[in-house]
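Summary of the model geometry
Here is how the chains run, residue by residue.
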Amino acid sequence: MLPPQYKSTEAQYQFMRWGYNEMQYLDFRFWNLTGFNRKEKKQHKDAVYYALNNAEDFEIVSWYSTSREASGKIRVIFTHPISSGYCRDYQVQLQIKKRIRSKTLTACKRVGSLDWGFHYYELPEDKKFFN
């Protein structure tokens, strides 16, 4: 996996959503006309949730497509408590053929909640890849 991009004071939070969303695919839908197919999206979603719910910090959870050159890796890099639960910073690395994209994201879970809230933030250097 590529080295994680740790958040800095320059990071700007853009939004937070409860539940899983298209942000997880790191804009591959714009770079490749087909993007990830339904099966690959499910594999990635399952891997993200598995990593968030079960993986130790720095453990890598991987998936790959048997039908074409597409794969993903998820690595939780830091777990920290918040007043209403806890958050996990995690790195996503996705690949379609020779294109690889990586981003560090944050997910938080409230006490008693079954779902994760996903934070999205941008570092200044992300603009060259994600805009």
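Use the structure listed above.
Bear in mind the structure is a predicted one, so any value in this text is a computation, not a measurement.

Position of Ser65 relative to the elements: it lies in the loop between strand E2 (60-64) and strand E3 (70-82). On the basis of relative accessible area, Ser65 is assigned to the buried category, the value being 10%. Considered as a pair, Ser65 and Gln43 are 22 residues apart in the sequence and their alpha carbons are 8.4 Å apart. Filtering out sequence-adjacent residues up to four positions away, Ser65 remains in contact with Glu40, Gln43 and Ala70. A polar contact is formed between the side chain of Ser65 and the side chain of Ser67, at a distance of 3.1 Å.

Enumeration according to the criterion identifies three salt bridges in this entry. Among the ionic pairs, Lys42 bridges to Asp46, the shortest N-O distance being 2.8 Å. One end of the pair is Lys42 and the other is Asp46, both in helix H2 (residues 38-54) and four residues apart, which spans about a single turn.

Attention now moves to the state of the cysteines. Under the defined criterion, the tally for this structure stands at one disulfide. One disulfide in the model links Cys87 with Cys108; its S-S distance is 1.9 Å. One disulfide, between Cys87 and Cys108, carries an S-S torsion of 100° and so falls in the right-handed class. Taken together, the positions of Cys87 in strand E4 (residues 85-96) and Cys108 in strand E5 (residues 99-110) put the pair 21 residues apart, joining distant regions of the chain. We note that Cys87, like Cys108, is buried.

What counts, and at which threshold
- Residues numbered from 1 in each chain as written.
- Predicted model: local features only at pLDDT ≥ 70, side-chain atom pairs only at ≥ 80, totals over all residues.
- Heavy atoms only, no water.
- Helix = DSSP H or I, 4+ residues; strand = E, 2+ residues; numbered from the N terminus.
- Buried < 20%, exposed > 50% of the residue type's maximum accessible area, 1.4 Å probe, protein only.
- Contact = heavy atoms within 4.5 Å.
- Polar contact = N/O pair within 3.5 Å; in protein donor to acceptor, adjacent residues only side chain to side chain.
- Salt bridge = Lys/Arg side-chain N within 4 Å of Asp/Glu carboxyl O.
- Disulfide = S-S within 2.5 Å.

Read these as spatial facts, not as claims about activity.
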